[in-house]
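Here is what each chain is made of, one letter per residue.
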Amino acid sequence: MTMSPWPIIMTAMNNHKNKLPIILFFILSFMASGLVFSDNVWFDEAYTLALIRHNFHEIIEILRSDMHPPLYFTGLKLFCSVAGYDIVCTKLFSLLGYIMLLLLGCLIVREDYGDRTAVFYLLIIGTVPMSFYFSVQQRCYSWSMFFVTWCFLEGMRLLHSRSRRTVLLFTLSALCAAYNHIYALVATAGIVICVNLLIIMKYRNEWWKILIGDVLLVLGYSGWLRTLLAQTSQASKNFWLASLERDSLIVLAVTIFLFLPMLYMWKYLKKSEKTLIGSGIFTILFVHAAGFGISIVLRPLYIARYASPLLGIFAIMAAVFLCRDGSTFTKKGGILCSCLFALCLIQCTATAVFEYNPSLHNFRKEFDTICSQNDIFLYCDSSFGIMSYYYPAQRHLVSYYEPWFDAFGNVEYTTPEHLKKSVSDNDQLWLVINEKKSIPPWINEIWDRHKIFTFRSDFNTFGVWKLQIHV
């Protein structure tokens, strides 16, 4: 006779000092660590890898012309200065941000909301689509998720204790989030507004304590504020996104759908649960409203992955809701935990299949047999980021220029007119272009083209064309 695993799971979770959150922390960390060994990169990651090769001053100056705050890139530069600049090290840095996000479940969530809530927090982190994907992206998303979630949890602590330590930790986490990503800054603004309003309404006599934190926040971010305004002004004129992304609308719709059960059960929630869930809903909708508002008023500046810093906030909201008094947790908690863990395994497996996609590797293996160091690559889109990383010795010519392209030290930027003059009839030319883009007429005017290869990088497919002068 076999015993059902659900009573065992429930017994473990109801044990006051159970080790299940710690066990889940190590399992999820181990699962994510298996993704760091892929050597596939896409344009944004190639940008990161090129940027950190510059010194700290140059990194800051290049970022001033881009839409990024400096914390992630300078932190990665410092980390790689010690650990090395290969892909495993840069992915390991992102993995550390994801591990810190999980660690919040074993520390703050477990201490403030209990073991069962911590278990669900960890499982939801692992279950949400793309969470494992962001855990090893050589971008700032994993650290943004950590800092925003930490800021939210410290903000909830402020509602119970306006101690000097809590104010300082709240301010520190908010500043780290603000300096890590633009939409992490927006999320932080939503959290700060929400916490200030709640303290004014409930603890008016102690409002001066949070005011100290507000002043420290303003002073701490003032050094980057002018740069942020300049970046926003520049992005409003020439940001790469042409229209609102469909995926961002899907994320908003799914988010609202997931809020409906919480709102439906609102009257049954305790006061503390209402405060946390209400604060989470406000912050998440604040970010979406800001993103879509800016996109409508200025130009599209919001895409689905910019909502990733909100993952931890949603996880803690959902965990508290599932573990609320009067829920069906006591009867079906074990079943739900088992299902969520199975989904974690599915998400990790799907991410591994995506990350270890052999398309780019196979292309490079074949292309290396016919490519020489004297070959020249032409580009009219961002394909140059990928190719200049894998083929640094060749010459790379791009037909347009943005100031932040200065991160790529081995790429030449020119106009189509000058580009025509910079190559000779005897040069072996390759055109690499995203297959979503059309080949410009000026290329067809000069060269015959023959597609030799295609390869996939991240969510895009690229064509590799051999160019020959018209006979």
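The shown structure was predicted, so the numbers you read here are calculated from the model rather than taken from an experiment.

Chemist: Could you clarify how one ought to interpret the packing of aromatic side chains in this entry?
Modeler: Each aromatic ring pair is specified by the distance between its two centres and by the angle formed by the two planes. Going through the model one piece at a time under the given rule, you end up with 46 aromatic pairs. One residue, Arg324, lies across the ring of Phe321, its end atom 4.1 Å from the ring centre.

Chemist: What am I meant to see in a nonpolar patch on the surface here?
Modeler: Together, Ile250, Val254, Ile256, Phe257, Leu258, Leu260, Leu263 and Leu285 give the surface a local cluster of nonpolar side chains, amounting to about 690 Å² of exposed area. Tallying contributions element by element places helix H13 (residues 246-264) first for the nonpolar patch, with seven residues. Along the chain, the position of Leu260 falls in helix H13.

Chemist: Quick question: what am I supposed to make of the side chain of Ser38 here?
Modeler: Mapped onto the secondary structure, Ser38 falls in the loop between helix H2 (20-33) and helix H3 (43-51). A distance of 2.7 Å separates a polar atom in the side chain of Ser38 from the backbone oxygen of Glu355. Aside from chain neighbours lying at most four places away, what touches Ser38 is Ile87, Lys91, Glu355 and Tyr356.

Chemist: Sorry, what's going on with H3 here?
Modeler: Along an α-helix, residues three or four apart share an orientation, since each turn contains 3.6 residues. In terms of residue burial, H3 counts as a mostly covered element, since nine of its nine residues are buried. Buried within H3 are the following residues: Phe43, Asp44, Glu45, Ala46, Tyr47, Thr48, Leu49, Ala50 and Leu51. Residues of H3 that are buried in the fold lie against helix H4 (56-64), helix H5 (71-83), helix H6 (87-113) and helix H18 (383-390).

Chemist: Help me understand the confidence of the model for the protein in this model?
Modeler: Low pLDDT means the predicted coordinates in that region are not meant to be read closely. Averaged over the protein, the pLDDT score is 90; the fraction of residues at 70 or greater is 94%. The spread of mean pLDDT over the elements of the protein runs between helix H1 (residues 5-14), the lowest at 47, and helix H9 (residues 141-158), the highest at 97. Note that residues 1-13 has pLDDT below 50 and, in this model, 20 contacts with residues that lie over four places away or in other chains.

Chemist: Quick question: what am I supposed to make of the packing of H9 against helix H10 (residues 164-178) here?
Modeler: Each pair of packed helices gets described by two things: the angle between the helix axes and the distance between those axes. Their axes nearest at 8 Å, the elements H9 and H10 cross at an angle of 155 degrees. As far as their axial angle goes, H10 and H9 are roughly antiparallel. In this structure, H9 meets H10 at a crossing whose hand is left-handed. Across the interface between the two elements, Phe147, Val148, Trp150, Cys151, Glu154, Gly155, Arg157 and Leu158 from H9 touch Arg165, Thr166, Val167, Leu169, Phe170, Leu172, Ser173, Ala174, Cys176 and Ala177 from H10.

Analysis parameters
- Residues numbered from 1 in each chain as written.
- Predicted model: local features only at pLDDT ≥ 70, side-chain atom pairs only at ≥ 80, totals over all residues.
- Heavy atoms only, no water.
- Phe/Tyr/Trp six-rings, centres within 6.5 Å; stacked < 30°, edge-to-face > 60°.
- Lys NZ or Arg CZ within 6 Å of the ring centre and 35° of its normal.
- Patch = residues over 30% accessible without salt bridge, like charges linked within 9 Å, V, L, I, M, F, W, Y side chains within 5 Å.
- Areas by Shrake-Rupley, 256 points an atom, 1.4 Å probe, with all protein chains shown as cover.
- Salt bridge = Lys/Arg side-chain N within 4 Å of Asp/Glu carboxyl O.
- Helix = DSSP H or I, 4+ residues; strand = E, 2+ residues; numbered from the N terminus.
- Polar contact = N/O pair within 3.5 Å; in protein donor to acceptor, adjacent residues only side chain to side chain.
- Contact = heavy atoms within 4.5 Å.
- Buried < 20%, exposed > 50% of the residue type's maximum accessible area, 1.4 Å probe, protein only.
- pLDDT = per-residue confidence, 0-100.
- Axes fitted to C-alpha atoms, helices over the stretch in contact; angles between N-to-C directions.
- Parallel < 35°, antiparallel > 145°, perpendicular 65-115°, else oblique.
- Left-handed = near helix turned anticlockwise from the far one by under 90°.

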